[in-house]
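Now for the letters of each chain:
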Amino acid sequence: DAMVIQNPRYQVTQFGKPVTLSCSQTLNHNVMYWYQQKSSQAPKLLFHYYDKDFNNEADTPDNFQSRRPNTSFCFLDIRSPGLGDAAMYLCATSRAPSPRPQETQYFGPGTRLLVL
Amino acid sequence: QKEVEQDPGPLSVPEGAIVSLNCTYSNSAFQYFMWYRQYSRKGPELLMYTYSSGNKEDGRFTAQVDKSSKYISLFIRDSQPSDSATYLCACYNAGGTSYGKLTFGQGTILTVHP
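Conventions we followed
Residues numbered from 1 in each chain as written. Chains lettered and ligands numbered in written order. Predicted model: local features only at pLDDT ≥ 70, side-chain atom pairs only at ≥ 80, totals over all residues. Heavy atoms only, no water. Core = buried A, V, L, I, M, F, W, Y, C linked by side-chain atoms within 4.5 Å. Buried < 20%, exposed > 50% of the residue type's maximum accessible area, 1.4 Å probe, protein only. Helix = DSSP H or I, 4+ residues; strand = E, 2+ residues; numbered from the N terminus. Contact = heavy atoms within 4.5 Å. Buried area = accessible area lost by both parts, 1.4 Å probe. Salt bridge = Lys/Arg side-chain N within 4 Å of Asp/Glu carboxyl O. Nonpolar A, V, L, I, M, F, W, Y, C, P; charged D, E, K, R; others polar.

Visitor: Let's hear about the nonpolar core: which residues, and what values?
Guide: Trp35, Ile72, Leu74, Ile76 and Tyr87 of chain B are the most contacted members of the largest nonpolar core, which has 24 residues in total. Looking at this core, the elements with two or more residues in it are strand E3 (19-25), strand E4 (32-38), strand E5 (45-51), strand E7 (61-66), strand E8 (71-76), strand E9 (85-92) and strand E11 (108-113) of chain B. Val4, Phe64, Cys74 and Leu113 of chain A belong to the second largest nonpolar core, which has 18 residues in total.

The structure is reproduced here in structure tokens:
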């Protein structure tokens with residue numbers, strides 16, 4: 001099945017220790033998104049790539065970076081994780097940045113990050 | 001004020017009940033309205049999609065949008081235990097600088113017990 005894969009599913013890191021979360025997709029979609037979802041809160045868009053074009057949300061902290069080396073993979077780097085960065089990180093993909101059903105966003109299962 | 005407000009619940013209903021889930025929003029530029037379902041330990045999946053005001057029905061699910069009151073609803077008829085999940089409403093503005101951005105509500109946790 002074509003899908004969005006996130007690794008690892010659970011990640012424990014220490015305060016201030018850089019961490020990288022991985023997302024891969026077999027859908028050949030042009031757009032890849034990273035969302036942060038804290039407990040009982042709405043998913044919050046951090047940034048997205050449209051092909052190689054990076055689009056950062058205005059309120060995304062500088063601590064969060066992303067890389068997309070090819071169509072299939074996208075990484076979320078947290079340079080110095082703080083306790084407030086503990087959350088579920090969701091990767092999503094779509095053919096185009098549009099809400100139409102044929103361009104709907106497909107989500108991965110998420111990586112739950114714990115910061116000690 | 002959050003752009004999209006949703007009662008987090010939790011909501012617990014018996015099997016067969018009609019479920020009503022609601023969201024309000026503040027940005028009048030939103031044009032597209034969606035409902036996502038998120039099972040435990042899974043990512044959200046698109047359930048219903050509506051453009052502008054009106055109703056849309058798909059099986060046991062009906063989505064309603066009232067742009068005049070900035071109110072969106074999801075109704076589930078004959079609810080089943082398999083409907084137990086978190087339901088997230090989401091809004092989208094196709095214009096402006098928010099191209100590509102979904103704005104989510106915080107989700108309502110629904111449990112349907114046998």
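Visitor: Tell me about the interface of chain A and chain B, and name the residues and values.
Guide: Contacts between the two partners involve 23 residues from chain A, matched on the other side by 19 residues from chain B. Surface buried jointly by chain A and chain B totals about 1,700 Å² across both partners, of which 61% is contributed by carbon and sulfur atoms. Where chain A packs against chain B, one counts zero salt bridges. Looking at which element gives the most residues to the side of chain A that touches chain B, the answer is strand E4 (residues 31-37) of chain A, with three residues. Looking at side-chain class alone, the side of chain A that touches chain B contains twelve nonpolar, eight polar and three charged residues.

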